[in-house]
Amino acid sequence: MFKNAVQLFEIFGFKLKVDPSWLLIAALIVWSLSTSYLPDVVPGLTATVYTVLGIVAMLGMFASLILHELSHSLVARSYGLKVGGITLFIFGGVAELEEEPHDPKSEFLIAIAGPLMSLALAALFYGLSSMTGSGTEVGLVSAVFGYLALINLVLAVFNLIPAFPLDGGRMLRAVIWGVTQDLLRATRISSRIGSAFGLFLMLTGAFAVFSGGGIGGFWQILIGFFIINASNGSYQNLVVKAALRGKTAGSLMSRQLYTVDAETSVAELVDDVMLRHGVSFVPVLSGERLLGYVDTAAARSIDRQEWPERRVSEVMLPEGPDTTVAPDTPLNEVFKLLAAHPRRKLMVAQGGRLLGVISLSDLMHHLALEQEIGTKLRSD
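**So, the overall build of the chain**
Thinking step 1. When helices and strands are tallied, the chain shows 13 helices and 11 strands.
Thinking step 2. Relative to the globule expectation of 21 Å for 380 residues, the C-alpha radius of gyration of the chain, 27 Å, shows a markedly less compact shape.
Thinking step 3. Its C-alpha atoms put the chain at 85 × 50 × 45 Å along the principal axes.
Thinking step 4. Looking at the chain as a whole, 44% of its 380 residues qualify as buried.
Thinking step 5. Within the chain, counting contacts between residues at least 6 apart in sequence, those at least 24 apart form 64% of the total.
Thinking step 6. Of the roughly 19300 Å² of accessible surface on the chain, a fraction of 62% belongs to carbon and sulfur atoms.
Thinking step 7. Averaging the positions of the 28 positive and the 32 negative side-chain charges in the chain gives two centres separated by 6 Å.

**Digging into the layout of surface pockets**
Thinking step 1. Considering only enclosed or pocket space, the second largest pocket measures out at about 280 Å³ in volume.
Thinking step 2. Ser254, Gln256, Val279, Lys345 and Val357 are, among the 13 residues lining the second largest pocket, the residues nearest its centre.
Thinking step 3. Of all the secondary-structure elements, those providing two or more residues to the lining of the second largest pocket are strand S6 (281-286), strand S11 (353-359) and helix H13 (360-373).

**A closer look at the nonpolar core**
Thinking step 1. Within the largest apolar cluster, 36 residues are counted, with the highest numbers of intra-cluster contacts made by Trp22, Ile29, Phe62 and Tyr147.
Thinking step 2. Secondary structure elements with two or more residues in this core: strand S2 (14-18), helix H1 (21-41), helix H2 (47-78), strand S3 (83-89), helix H3 (104-131) and helix H4 (136-159).
Thinking step 3. Tallying contributions element by element places H2 first for this core, with 10 residues.
Thinking step 4. Setting aside chain neighbours within four positions, we find Trp22 in contact with Met58, Phe62, Leu65, Leu88, Phe89 and Ile90.
Thinking step 5. Listed in part, the 18 residues of the second largest apolar core include Ala262, Ala267, Met274 and Trp307.

**Here we look at the environment of Lys247**
Thinking step 1. Summarising the element assignment, Lys247 is placed in the loop between helix H7 (215-244) and helix H8 (249-252).
Thinking step 2. Each C-alpha atom, one on Lys247 and one on Gly178, is 26 Å from the other, the two residues being 69 residues apart in sequence.
Thinking step 3. Here Lys247 is in contact with Thr329, Pro330, Leu331, His366 and Glu370, once residues within four sequence places are set aside.

**What about the pattern of salt bridges?**
Thinking step 1. Throughout the structure, instances matching the rule amount to 6 salt bridges.
Thinking step 2. A salt bridge links Arg353 to Glu288, with the nearest nitrogen and oxygen atoms 3.2 Å apart. Here the residue Arg353 occupies a position in strand S11, and Glu288 occupies one in the loop between S6 and strand S7 (289-295), the gap between them amounting to 65 residues.
Thinking step 3. Sharing partners across several salt bridges, the network here consists of Glu100, Glu107 and Arg173.

**Some remarks on the environment of Gly194**
Thinking step 1. Mapped onto the elements of the fold, Gly194 is located in helix H6 (residues 183-210).
Thinking step 2. According to the relative accessible area criterion, Gly194 is buried, its value standing at 0%.
Thinking step 3. In sequence terms Gly194 and Gly224 are 30 residues apart; their C-alpha atoms lie 9.3 Å from each other.
Thinking step 4. Filtering out sequence-adjacent residues up to four positions away, Gly194 remains in contact with Ala163, Phe164, Ile227 and Ser231.

**Description of the confidence of the model for the chain**
A low pLDDT score tells you not to read the predicted coordinates there in detail.
Thinking step 1. For the chain, the average pLDDT comes to 85, and 94% of its residues sit at 70 or higher.
Thinking step 2. Of the regions scoring below 50 in pLDDT, residues 376-380 engages in 15 contacts with residues more than four places distant in sequence or in other chains.

**What about the pairing of S6?**
Thinking step 1. S6 sits mainly inside the fold: 5 of its 6 residues count as buried.
Thinking step 2. With 2 bridges joining them, strand S5 (residues 260-261) and S6 adopt parallel strand pairing. Counterpart to Asp261 in the pairing with S6 is Leu285.
Thinking step 3. The hairpin formed by S6 and S7 contains 2 residues between the paired strands, and Gly287 there has a positive phi angle of roughly 70°.

Basis of the calculations
Residues numbered from 1 in each chain as written. Predicted model: local features only at pLDDT ≥ 70, side-chain atom pairs only at ≥ 80, totals over all residues. Heavy atoms only, no water. Helix = DSSP H or I, 4+ residues; strand = E, 2+ residues; numbered from the N terminus. Rg over C-alpha atoms; globule rule 2.2 N^0.38 Å. Buried < 20%, exposed > 50% of the residue type's maximum accessible area, 1.4 Å probe, protein only. Contact = heavy atoms within 4.5 Å. Areas by Shrake-Rupley, 256 points an atom, 1.4 Å probe, with all protein chains shown as cover. Lys, Arg positive; Asp, Glu negative; His and termini not counted. Charge placed at Lys NZ, Arg CZ, Asp CG, Glu CD. 1 Å grid on protein atoms, 1.4 Å probe; cavity = no way out; pocket = protein on both sides within 12 Å on 5 of 7 lines; lining within 4 Å. Points joined across faces, edges and corners; volume = space filled by probe spheres on them. Core = buried A, V, L, I, M, F, W, Y, C linked by side-chain atoms within 4.5 Å. Salt bridge = Lys/Arg side-chain N within 4 Å of Asp/Glu carboxyl O. pLDDT = per-residue confidence, 0-100. Pairing = 2+ DSSP bridges.

Laid out in structure tokens, this is it:
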């Protein structure tokens, strides 16, 4: 999701990454604080002072978001869930859970941990703001603490809205899951509520824009659009996991194979295999041993006049963990590899022997059939 995110450091074993889109919101926060909020609260100081305090407040918000997501991650880890890391982006932050919670209780506690942390931070900063609220210099410090108290309160309250995938929506999903014992149904209901809330934000944001609300309305539209996409995407992702659960690469691979010997010429590969059988992905063997694969891109990488003299072994891509899976590899892992692999095909092999080929189209066809028939995912 965040392919361009840059890792900054690790905290408690979690990789903290920042997507470039965060720089935009960081710049907007500093600009807004230094030109509006701070001059209004503590007037009469220089632009440099306001800018410096704006940067400090932005970093405080940065730390607050990290603590919010870190609380999710630590609770998730306590329940044995793997967390890929924490990423900050334009709409806030996200703890990247690599799997769904195992039961409604863990889902609820993981979800509520973030808002509780934000409420605690809001109380802490409010107390610090009250303690430092006298004198000019101290007044500036108090203003920064006051802003951080407010932003954490807003973060907690907004996330408690029962609209998936917000924390409140995940808490709602946990409750529905506990009642129905059906995670897929709970996700479907909560994601629909999330989509409705996202649409509400977009409509009210559009109304604000046309009423002269300015950038606030546009921001509301963007948040609504993000919530709709995230809620729908989360549900579809769960549908995929449900359909693939318990299945392996060996159960879905194609055994109808067209292979080529490593010493075959590229001309023979193209004429006798690719064009004759209508395939663009051909595993390469040496006897019965799998060496790799060759595709149309590899053939195009050399001059056509050289095809009769060049061997397949010269242009093939070697087999490896990015191109080959074992037959007992879970389909969920296969799906991740296929989504990341440009060829959208993987070879299935064991002990150096080719058993079959599995493609993204095979998986998508399987998913389509599963959805037509109906897939149910329970809490167990």
